[in-house]
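Topology and contacts: notes
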Amino acid sequence: MLPLKRLEEIKDILTKNKQADVISLAQTLNVTEATIRRDLEKLENEHFLTRTHGGAVLNESKHPEISLFTLQEDSIERYQNIGKIASQFIQNNETVFLGPGTCSRFVARNLTNKVNVTIVTTDMMVAHDCSLYSPNAAVILAGGNLNPTTLELYGQTTDNFLETFYFSTAFLDIDGITMARGYSVSSLNKAFLTQNVLKLSKKAFALCPYDRFDVESYATVGDINLFESVITNERVADSFKEYYFQHKIQLFATFNIM
Amino acid sequence: MKDILLSCEDISLSLNGISIIENINLSLNRGEFHLLLDKNGAGKTTMANILSGIYPYGSYSGNIYYKNKELQLKIPKDALKENIVTIHQDICLFEDMTIAENLYANLPSKTAPKTFTSLEKKIKMANEFLSEHDCPIDSSLLVRQCSQFIKRKIELLRLYLMQPELLILDEPVAIVSNYDMKFFLDLLSYFKKKGVTILCISYNYEAFIHLVDHISIFREEGPGYTISQSDLQQEDLSHLLVRDFCQNRYPKIDVKKGEEVLCAENLSNDLTIKDISFTLHQGEILGFFGSSGSGRETLSKALFGLEPCHSGTIYIDRLPAHITSPEKAIDLGIAYITDDRSNYGLFQNLDLLENVNSVKGNNYKSFWTRTHAEQNRYAWYADKMNLELSPDSIARHLSGGEQQKLILMRWIMSSARIFIFNEPTQSIDIPSKIDVYNMFNDLVLKGASILLFSSNLEELLGVCDRVIFIKQGLISGEVSRMDIAQPIEDYF
């Protein structure tokens, strides 16, 4: 393993566990304890950690924003699959809206082989992921009031700005779907935005991981027949699969077998 | 006031928890010729089976009134007692008996020969009877020795001896070529003139549409509708069938097509398929539509080496391939997912792990079986396919959808790249259907190609890039998903 890669690994382990000891690090990374000590010293100079007797502790206060940019490991796969499937519906030369939310971030990561695609978004995280993973796509970030915890933009300015567009396709993150209340999202602002964008798009997809089905979120967007196409994971409850098929709604479930 | 012979009210039937037909209403007037149509497997055959006593009284819900009395058939013979005669889709004759014995078996007392008639006498009577109806066959032959067509003809001729009051015909002409339609038409007009009520299920209705009094169309959801001859113009009819298709509910991803992976040139066997040519590209889903008996199923089997092909060539990756057995097909990366899952798809009495390992190449080739590696691989795929079943359970107990997933899992493990699906969603529940369609997407996204043979046209138009129509063994037309607006009714 290259030294640089090893440092990254150590950082990962520390971020996850907050602390680590030299012996187990040496075992997992398959190098000698002396090497690990030297690595820890380097990282201490970067103020990433503080060395202790026989190990190291993460400097917690150094990375408060890390929770926004990195995602929980165990849920990444389900978002990734949704993002991959959704990106299949983006054609070259299109203007696409990516709504605020985690699923949209993964759509933005899968645009590397598209030509002349313009992404309009109100989520700074989506813009961040797009420029990091798919730098070939043009990004337009709508202005507005900033929500400091989610880094999403909202408000009158945002709505006015979006109304100048007509999107070929819109992808909208949904935070809860129930048969009775339909689609709901985590804030009123997001609900307004979603309804607004639906009017401005030729085709809209609801993106929703399977564990958000049969869950109600804070603000209602519309009833269960609002979207014509839904993208989710293969584990979604059978009752929804059946309902959607009988009510002529496309349900994409992200199998990733081969 | 019309004289109603048979009326069915709210008939529903479910097998293994899957609803096959739901709330079917149907009424037949005495002496009418009633044609039954649907878009796909919406339960016509099931209805025929209920009326002939194959699904006994009590297995379905709803009421059937026949001659103003409730009809309670416990065994098929009860139907015969009521003079309800059914010609099933498949031949139902005693294969190891002579034609003569078959003709005179189970006849009503009026026409039956005396109890102790010798075989010689029966053969003599039968020969006379057959030549009377312009069908000079030696009736001392065993049925087994006859061709499919002769067998069907014998079944139909037997109707003259049966004196039915209600005649049910389930795809009677599927195996009859156009050349012999006249014989069938004579039979229909004979019975119609005699005042026999006829219920007929058939896609090849053009030839006898002038004899039809009423047409009922079954639909998957919602009630069907019935129209009478006077309201009917022929071009309307096929239009009615496709009228409420909904392509958009099928999850379909357009994948960029790659190289040609399979090409068939002038495939024929001498009987059921003639001069079939097509190409399949990487990442493409190519559908084949045809009613039963059109040669659709034979073609699907021929491509996997299950049926012989007498002429024509198959190219895999532009190289000529001689697919003479399924083994060779598997070596070429072809997978065949059968429509008869319980009989041909799975080993019913083996457990799931043994079932998925049953394809050559899926074994780790070691002396030890049921190793950790095998268990882990099973668990990995089962998790990905959303199949929550222990590898130790027995295949017999699976539902249709679970069986389908298990068969698919076996082929995906074997790293096949051309998948032939024969009726993939027949008799499986809707959630499993959605899973199967989405698995198609995954397969083509990963570079596999799919040949989809189905009698469900809506499904084909929903998930395929192109659909080829097969009629009487020939390709009658082709549509691509993009220009679905063009009239496709002519291809049926």
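Residues numbered from 1 in each chain as written. Chains lettered and ligands numbered in written order. Predicted model: local features only at pLDDT ≥ 70, side-chain atom pairs only at ≥ 80, totals over all residues. Heavy atoms only, no water.

1. Things to note about the interface of chain A and chain B
Between chain A and chain B, the contact holds 21 residues from the first and 31 residues from the second. Across the pair K384 of chain B and E77 of chain A runs a salt bridge whose closest N-O atoms are separated by 3.0 Å. Remark: the boundary between chain A and chain B carries nine residue pairs in polar contact (both at pLDDT 80 or more). Of all the secondary structure elements, the ones that give two or more residues to the side of chain A that touches chain B are α5 (73-87), α10 (238-246) and β15 (250-254) of chain A. A total of five residues in the side of chain A that touches chain B trace back to one element, the largest contributor, which is α10 of chain A. Tallied by class, the residues present in the side of chain A that touches chain B amount to ten nonpolar, four polar and seven charged. (Contact = heavy atoms within 4.5 Å. Salt bridge = Lys/Arg side-chain N within 4 Å of Asp/Glu carboxyl O. Polar contact = N/O pair within 3.5 Å; in protein donor to acceptor, adjacent residues only side chain to side chain. Helix = DSSP H or I, 4+ residues; strand = E, 2+ residues; numbered from the N terminus. Nonpolar A, V, L, I, M, F, W, Y, C, P; charged D, E, K, R; others polar.)

2. Focus on the sheet that holds strand β12 (residues 201-207) of chain A
All names here are of chain A. The seven strands lie next to each other as β6-β5-β4-β9-β12-β14-β15, forming an open sheet whose pairing is parallel. A single partner strand is all that each edge strand has here, and the edge strands are β6 (138-141) and β15. Going across the sheet, the axis of each strand differs from the next one's by a mean of 20°, ignoring polarity. In terms of strand pairing, β12 meets strand β14 (residues 229-233) through three bridges, oriented parallel. Paired with L207 across the strands is I231, a residue of β14. Across the sheet, helix α9 (residues 188-199) touches β4 (95-98), β9 (167-173) and β12, and the angle it forms with β9 is around 155°. (Pairing = 2+ DSSP bridges. Axes fitted to C-alpha atoms, helices over the stretch in contact; angles between N-to-C directions.)

3. Here we look at the pattern of salt bridges
Pairs can form between side chains of opposite charge whenever their charged atoms are close. Inspection of the entire model under this criterion finds 32 salt bridges over all chains. With its nearest N and O atoms 2.8 Å apart, the salt bridge here joins D211 of chain A to R78 of chain A. Taken together, the residues span a long stretch of sequence, with D211 of chain A in the loop between β12 and β13 (219-222) and R78 of chain A in helix α5 at a distance of 133 residues. Among the charged side chains, a salt-bridge network with shared partners connects D238 and K241 of chain A together with K405 and D435 of chain B.

4. A closer look at α9 of chain A
Residues and elements named next belong to chain A. In this model, α9 (twelve residues) spans 17 Å end to end at C-alpha, consistent with the 16 Å of a helix rising 1.5 Å per residue. Taken together, the buried positions of α9 are K190, A191, L193, T194, N196 and V197. Looking at the buried positions of α9, the neighbouring elements they touch are β4, α8 (156-162), β9, β11 (182-185), β12 and β13. (Expected span 1.5 Å × (residues − 1). Buried < 20%, exposed > 50% of the residue type's maximum accessible area, 1.4 Å probe, protein only.)

5. Observations concerning helix α2 (residues 22-29) of chain A
Residue and element names in this part refer to chain A. The complete set of buried residues in α2 reads V22, L25, A26 and L29. For α2, the angular spread of buried residues about the axis comes to 100°, placing them on one side. Exposed positions of α2 whose direction lies more than 90 degrees from the buried face are Q27 and T28. Looking at the buried residues of α2, the elements they touch are α1 (3-17), β1 (19-21), α3 (33-45) and β3 (55-58). The first or second residue beyond α2 is N30, which carries a positive phi of 60°. (Arc of directions from axis to C-beta.)

6. Comments concerning the domain arrangement of chain A
The accessible area lost on association of the parts is a frequent measure of interface size. According to the domain assignment, chain A contains domain 1 (3-62) and domain 2 (69-254). Relative to domain 2 of chain A, the C-alpha centre of domain 1 of chain A lies at a distance of 38 Å. (Domains from an automatic or database assignment.)

7. A look at the packing of aromatic side chains
Applying the stated criterion across every chain yields a total of 28 aromatic pairs over all chains. With a centroid separation of 5.4 Å and an interplanar angle of 85°, the aromatic rings of F245 of chain A and Y250 of chain B are classed as edge-to-face. Taken together, the residues span two chains, with F245 of chain A in helix α10 and Y250 of chain B in the loop between α7 (234-243) and β11 (260-268). You can call F245 of chain A buried: its relative accessible area is 3%. Judged by its relative accessible area of 1%, Y250 of chain B falls in the buried class. Pairing F304 of chain B with Y336 of chain B gives two aromatic rings, centres 5.3 Å apart and planes at 20°, and the pair type is stacked. You can see F304 of chain B sitting in the loop between α8 (296-302) and β14 (311-316) and its partner Y336 of chain B sitting in strand β16 (residues 334-337), a full 32 residues away along the chain. Both residues of the pair, F304 of chain B and Y336 of chain B, count as buried. Pairwise contacts between aromatic rings join F245 of chain A together with Y250, F419, F421, Y437 and F440 of chain B into one cluster. Positioned over the ring face of F205 of chain A is K203 of chain A, at 4.9 Å from the centre of the ring. Directly above the aromatic system of F245 of chain A lies the positively charged group of R249 of chain B, at a separation of 4.3 Å from the ring centroid. (Phe/Tyr/Trp six-rings, centres within 6.5 Å; stacked < 30°, edge-to-face > 60°. Lys NZ or Arg CZ within 6 Å of the ring centre and 35° of its normal.)

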